[in-house]
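Summary of the model geometry
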Amino acid sequence: MDMDNLPPPLILEILSRLADSIDLARCRVASKTLNTLSRDVRSINLNCSFDRYTKSRSPDIRDSITPFKRIFNKLISELSIVEAISIGVEKPFETLDKTPLGYVNDLYLTDVNFVAHWLPKVNEKLRALSISDFWVQSRWRPSNILALISSHCHHLLELEIKNSWLSVDGLLLMPKLTTLTLEFITLDDENLEKVNQCFPYLQVLNLIGVEGLKEPKIHLEHLKHCHWTVSNGPRSVTIVAPKLVQLNLLCVKPNGPRSVTIVAPKLVQLNLRCVKPKMLVIDTPFLSYLHLTLQGARSFKVQEFHNLDTLHLESPDLGNLLCSFQFGRTANNLVLGAKNRTELLGQITFCFEMLFVEFPNVKAITVAPQVWAAFQWNFSVGDLELEVRTYPKGLKEITAYLMMLNVDVTLKFISHIVNICTSLCDMALFIPRGLRSNDASDFITKCTAQCSKVRLRWGTWKEGTKDAWISDGV
């Protein structure tokens, strides 16, 4: 069927779904119908490919390569209305040598002079803007693009900028902006004062690898979703957001913030990763899901979680972490450790039975390999067994990733768990994938014979790969 015979609205919808605006330009020369309708497309999505970049640097053919910025300017001039713009470079550019190229501008996409050429033409209808700059060219000089955008785009809803050095000089209030993403940015706003002041109605904020921060504080009344990967070493991190419901705060560097404060009375889901903060304040009374990863902490101030349903803890000092926090007695699902990590933990003065002192209402438990090994060791030694008088009454499911350091002790420990957990009905056991098949088969046979009271499901695990099921227990 000739595409020209399709209804014009359908053709326009097809053209609007093209992933690359270069394809849109090619369609224009295919037929008069496509050429006419293509001008009603309301978005531009243009990426400079790695192949185009290398050709533009080749002395033999670079004169025949149309400059990337010229292509963009031509595309934007041919559209009647532009509501969304995405311009950038492909990810393979990250592998380039970071040697300075002088003040080359051909792919400096947050260059104010470049943006000022086309932004005033589209600012009235523009709702979404994404610029992924070429770090090799952009990192040597601060850009005032934020001031330019804020002075022209009064109806912009979504803004994303990557791989650039951004100044906040001249930044104006943007009351319509609801979504902001800054990724791999050097930001001249060390405490995020300008972000709070000029973007007060943000509902979604993503800060990924933003450098230049010292004591950043997010204080946004309307913020609902936040993802913050703290890559440099600010002294403290503070989030005060009365309407926040979901937060991912990942402090990934060893020299992470010494103080972390989260005040979010409506927060429901929290993923928090820190190294060794001296102070950790979490005021989130309605939290229902918590994934907490800590290397250690010296001081905790945590309001009890009265609505906590799922708790995932990762820490080399798991026993002290469990004792330090008042996680609340409502948790139904408990995950301990990370199954993609196999290094043994230090001695945990915390046995399996003690979980039910802290979490008397837990119904499902998942135990990672290194935590299982620590619990099994304490069971074999027996030093902690007499301290516990509380046994679980509501535990229904256990998922355990076994280390198999001592097969006989492992069998005894599993049998012990089945005996004390009288309501247990389902147990999923994952054995190391490297275990010899004969040994694995013998272990499964013995364990099945000893634990006939529960439904056993068997699988294998290996670090860095997906789990594989052997039997579903039916």
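Here the structure is a predicted model, which is why all the values come from computation and not from measurement.

Brief notes about the overall build of the protein chain
A tally of helices and strands in the protein chain yields 14 helices and 22 strands. Evaluated residue by residue, the protein chain yields a buried proportion of 48% over its 474 residues. Contacts spanning at least 24 positions in sequence make up 53% of the contacts within the protein chain whose residues lie at least 6 apart. Accessible area of the protein chain: about 22600 Å², with a carbon and sulfur share of 51%.

Some points on the packing of aromatic side chains
In the structure shown here, the tally under the stated rule is eleven aromatic pairs. Judged by centre distance (5.0 Å) and plane angle (70 degrees), the ring pair of F72 and W118 falls under edge-to-face. In this pair, F72 is assigned in helix α5 (residues 68-77) and W118 in helix α6 (residues 112-122), connecting sequence segments 46 residues apart. W118 matches F72 in its accessibility class, with the two residues each being buried. Ring plane angle 85 degrees and centroid distance 5.8 Å describe the contact between F443 and W458, whose orientation is recorded as edge-to-face. Separated by 15 residues along the polypeptide, F443 in helix α14 (residues 437-450) and W458 in strand β21 (residues 455-461) bring together distant segments of the chain. Assigned by exposure class, F443 and W458 land together as buried. Among the aromatic residues, those joined into a ring-pair cluster are F352, F356, W372, F375, F379 and F413.

Side note on α5
Within α5, seven of the ten residues are buried, leaving the element largely enclosed by the surrounding structure. For α5, every residue scored as buried is listed here: F68, K69, I71, F72, N73, L75 and I76.

With respect to the side chain of S231
In this fold, S231 is placed in the loop between β8 (225-230) and β9 (236-240). Every residue in contact with S231, bar those within four places of it in the chain, is listed here: G209, V210, E211, V252 and K253.

Section: the pattern of salt bridges
According to the stated counting rule, one finds eight salt bridges in the structure shown. With a shortest N-O distance of 2.4 Å, E78 and K74 are connected by a salt bridge. On the accessibility criterion, E78 (18% relative accessible area) is buried. D426 is the partner of R455 in a salt bridge, and the nearest nitrogen-oxygen pair spans 2.5 Å. Residue R455 is located in strand β21, and its partner D426 is located in strand β20 (residues 426-432); the two are separated by 29 residues in the primary sequence. Looking at R455, the relative accessible area reads 35%, which means it is partly exposed. Each of D426, R455 and R457 takes part in salt bridges that share partners, so that together they form one network.

Comments concerning empty space enclosed by the protein
Gaps left between atoms show up when a probe the size of a water molecule is rolled over them. This model, assessed by the stated rule, comprises two cavities of 30 Å³ or more. Of the pockets and cavities examined, the second largest cavity occupies roughly 40 Å³. The element contributing the most residues to the lining of the second largest cavity is strand β5 (residues 179-187), with three residues. Taken together, the residues of the lining of the second largest cavity sort by class into seven nonpolar, no polar and no charged.

Examining the nonpolar core
Counting residues in hydrophobic clusters, the biggest one holds 129 residues, and the most contacted among them are W228, L249 and F327. What L249 contacts, discounting residues up to four positions off in sequence, is W228, V230, V237, I239, V260, I262, N271, L272 and R273.

Definitions and cut-offs
Residues numbered from 1 in each chain as written. Predicted model: local features only at pLDDT ≥ 70, side-chain atom pairs only at ≥ 80, totals over all residues. Heavy atoms only, no water. Helix = DSSP H or I, 4+ residues; strand = E, 2+ residues; numbered from the N terminus. Buried < 20%, exposed > 50% of the residue type's maximum accessible area, 1.4 Å probe, protein only. Contact = heavy atoms within 4.5 Å. Areas by Shrake-Rupley, 256 points an atom, 1.4 Å probe, with all protein chains shown as cover. Phe/Tyr/Trp six-rings, centres within 6.5 Å; stacked < 30°, edge-to-face > 60°. Salt bridge = Lys/Arg side-chain N within 4 Å of Asp/Glu carboxyl O. 1 Å grid on protein atoms, 1.4 Å probe; cavity = no way out; pocket = protein on both sides within 12 Å on 5 of 7 lines; lining within 4 Å. Points joined across faces, edges and corners; volume = space filled by probe spheres on them. Nonpolar A, V, L, I, M, F, W, Y, C, P; charged D, E, K, R; others polar. Core = buried A, V, L, I, M, F, W, Y, C linked by side-chain atoms within 4.5 Å.

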